[in-house]
Each structure stands twice: as structure tokens, then as C-alpha cells.
Amino acid sequence: MDLNHYMGDVILRSHGLDLVRLKPCHIFPFIDNLSDENKREFSELYESDPLESLLQCLNDDMTFAVVKGNDPLAITGINENSQMWALFSKYMRLNWIRFARASPDLIGFYHLYHDQISCDVWTESDMIVQWLAYLEFEPIFLSEENHILHFVRCKSVDNDISSRISRPVMH
């Protein structure tokens, strides 16, 4: 197997993880290892098939796979309305700390295209809610009808979680 064909061009590399454009070769290994939480979310909340949903994302320029070696750990994207989304494989549990440390770079990448990013999360997804809080997303409202928390994060120097601005120096 040609690893470059599988991996594609690396868009972002951080903490041993690579962000690459989503390709068909990522989808089946990912679906085979889709997290139980995401399976339940697709079944109970969206009442749709995750495979069908991911196949529709192949033509979207802003849909990516987060891979470690040959393993797709997550598939994530952001749409034209600045709505970010992410799905996770079972392998993510083994790489959660690595992913959390790389996540500020992912958010920084998305902020290159959108000054404000929003994200809707099912209230049953405690780990994702904590991840968004770590990334300084603010919960804006809760839809009690479908148990969705709506988060927003705005790009600014003050809340850049990986700010590279130098501290002031006295002369």
C-alpha cells in the first residue's frame, strides 16, 4: 500500500497526529472503529447512518481526517456557516491526551478561515463538552427539546489558547 496515497498531503502535524483531507480510504477503517458514543448519537439523535453521512462529506473541502500512522482517530470538519463538527473512533481513547494537546493547533487552523466557530454537542457527550471548554468555547444556549448545547468560540488575541505573543520586556 502506498502510504502517501492513504495519508495524503499533511495539512497540519501536531503532537504525533496528522490532519489530512478526508479520502475514501479513511472512511471504512473509521466506521469499523466508530466510538460507541458516536454510534449512539447517530442512532438516537440523528436517526441516520454514519457511513452514509461520511460518504456525503467526501466532496467537502473542509472535511479532514486526524490520523496517527494508518489509523484515522477522528473525522472533523467545518462548514460555510462556521459550524465545526467531529466524530471519534475507538482508538481515540488511547490517544486522547495527544489529541487534546494537538487540538489548539486544529482550532487555530479553523480560525484561519472563520473568526467565529460554533459547535453543537449532545448533552450526553460529557467528554466532548469538556474538550470544548478546554479549547475555550463558550456555551451559549441549551436546546432542551433535543438536548443540544450550542458553543461558540471567537478568534482574538486575548483568548488564543496557544498565543505566541511575546511577553512585554522592559528596556
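Quick look at the structure, then. (Residues numbered from 1 in each chain as written. Predicted model: local features only at pLDDT ≥ 70, side-chain atom pairs only at ≥ 80, totals over all residues. Heavy atoms only, no water.)

### Concerning the sheet that holds strand β1 (residues 10–14)
- The antiparallel open sheet is built from five strands, whose spatial order is β1-β2-β3-β4-β5. Whereas interior strands pair on both sides, the edge strands pair on one side only; in this sheet they are β1 and β5 (84–88). Pairs of neighbouring strands in the sheet enclose a mean axial angle of 20°, with direction left out of account.
- Note that strand β4 (residues 71–78) and β5 share five bridges and pair antiparallel. (Pairing = 2+ DSSP bridges. Helix = DSSP H or I, 4+ residues; strand = E, 2+ residues; numbered from the N terminus. Axes fitted to C-alpha atoms, helices over the stretch in contact; angles between N-to-C directions.)

### A short note on the environment of phenylalanine 109
- Following the sequence through the fold, phenylalanine 109 ends up in helix α5 (residues 96–111).
- Separated by 97 residues in sequence, phenylalanine 109 and leucine 12 place their C-alpha atoms 8.2 Å apart.
- Filtering out sequence-adjacent residues up to four positions away, phenylalanine 109 remains in contact with Ile11, Leu12, Leu19, Met62 and Phe64. (Contact = heavy atoms within 4.5 Å.)

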